[in-house]
Amino acid sequence: ETGVTQTPRHLVMGMTNKKSLKCEQHLGHNAMYWYKQSAKKPLELMFVYSLEERVENNSVPSRFSPECPNSSHLFLHLHTLQPEDSALYLCASSPSRHWDYGYTFGSGTRLTVV
Amino acid sequence: GIQVEQSPPDLILQEGANSTLRCNFSDSVNNLQWFHQNPWGQLINLFYIPSGTKQNGRLSATTVATERYSLLYISSSQTTDSGVYFCAVGSRTGGGNKLTFGTGTQLKVEL
């Protein structure tokens, strides 16, 4: 275990469903991130939260809605997704958004949209 | 934005062989990290190395920041080294910190 826990590990959802991905970190970090990893593409940064405030949104479609209720928890709410949204979604945390080290990833949620 | 290129894209080794993975980046960086993603998707941080050389067991890394490249050396490779190796760079220019990842080197170590 890395100290960053993601649930569920696997998720299959229809295009009309609503689901949520959860990330929890036990490292005392202040910054949390969502990344998307599609086949044969580099990891893409989706959102950055620092001290529960969203500080970056990389032009992500509104069908992805993040929530950070406290510095230990991060959610990604999903609704009306498309098949091309199928990917591995990775959560990460770091001591602060002005990090220099200590960047830690969770194991990811593999999402399939049918 | 900053570009990160990794080579080779794919690599097959016999167990016990040595290899060198390369990461080139297009602009000055404050941070550079190497990650290993195992076949189950877990990304593990190998090195934080914005400059200089570090070693950890059979792995070592060197970054020459002035020439904008980093190298990851794997010696006496084992089957457990299989997976994808990513280089990621961070820059404080352009607002905020974020990691930009390369496309990775897919490594397979065979018996």
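Computed from a prediction, not measured in an experiment: that's the story for all the values here.

Caption draft 1: Representation of the packing of aromatic side chains. Across all of its chains, the model carries 10 aromatic pairs over all chains by this definition. Aromatic pair Phe64 of chain A and Tyr89 of chain A: ring centres 5.9 Å apart, planes at 35°, arrangement tilted. Residue Phe64 of chain A is found in strand E7 (residues 64-70), and its partner Tyr89 of chain A is found in strand E9 (residues 87-94); the two are separated by 25 residues along the sequence. Note on accessibility: Phe64 of chain A and Tyr89 of chain A belong to one class, buried. Summarising the aromatic geometry, the rings of Phe86 of chain B and Phe101 of chain B are spaced 6.1 Å apart at their centres and angled 80° between planes, so their arrangement reads as edge-to-face. Remark: Phe101 of chain B occurs in strand E10 (residues 99-101) and Phe86 of chain B occurs in strand E9 (residues 83-90); sequence separation between them is 15 residues. The same class applies to Phe86 of chain B and to Phe101 of chain B, which are both buried. Through a chain of ring-to-ring contacts, three or more aromatic side chains come together here, namely Tyr33, Tyr35, Tyr103 and Phe105 of chain A together with Phe35, Phe86 and Phe101 of chain B. Its guanidinium or amino end placed over the ring of Tyr69 of chain B, Arg22 of chain B lies 4.2 Å from that ring's centre, counting from NZ or CZ.

Caption draft 2: The state of the cysteines, seen in detail. By the definition in use, this model includes 2 disulfides over all chains. Residue Cys23 of chain B pairs covalently with Cys87 of chain B via a disulfide, S to S 2.0 Å. Across the S-S bond of Cys23 of chain B and Cys87 of chain B the torsion is about -60°, and the bridge reads as left-handed. Of this pair, Cys23 of chain B sits in strand E3 (residues 19-25) while Cys87 of chain B sits in strand E9, placing them 64 residues apart in sequence. Exposure class is identical for Cys23 of chain B and Cys87 of chain B. Each is buried. Left unpaired, Cys68 of chain A is separated from the closest cysteine sulfur, that of Cys91 of chain A, by 9.1 Å. Residue class for Cys68 of chain A comes out buried when judged on its relative accessible area of 11%.

Procedures and definitions
- Residues numbered from 1 in each chain as written.
- Chains lettered and ligands numbered in written order.
- Predicted model: local features only at pLDDT ≥ 70, side-chain atom pairs only at ≥ 80, totals over all residues.
- Heavy atoms only, no water.
- Phe/Tyr/Trp six-rings, centres within 6.5 Å; stacked < 30°, edge-to-face > 60°.
- Helix = DSSP H or I, 4+ residues; strand = E, 2+ residues; numbered from the N terminus.
- Buried < 20%, exposed > 50% of the residue type's maximum accessible area, 1.4 Å probe, protein only.
- Lys NZ or Arg CZ within 6 Å of the ring centre and 35° of its normal.
- Disulfide = S-S within 2.5 Å.

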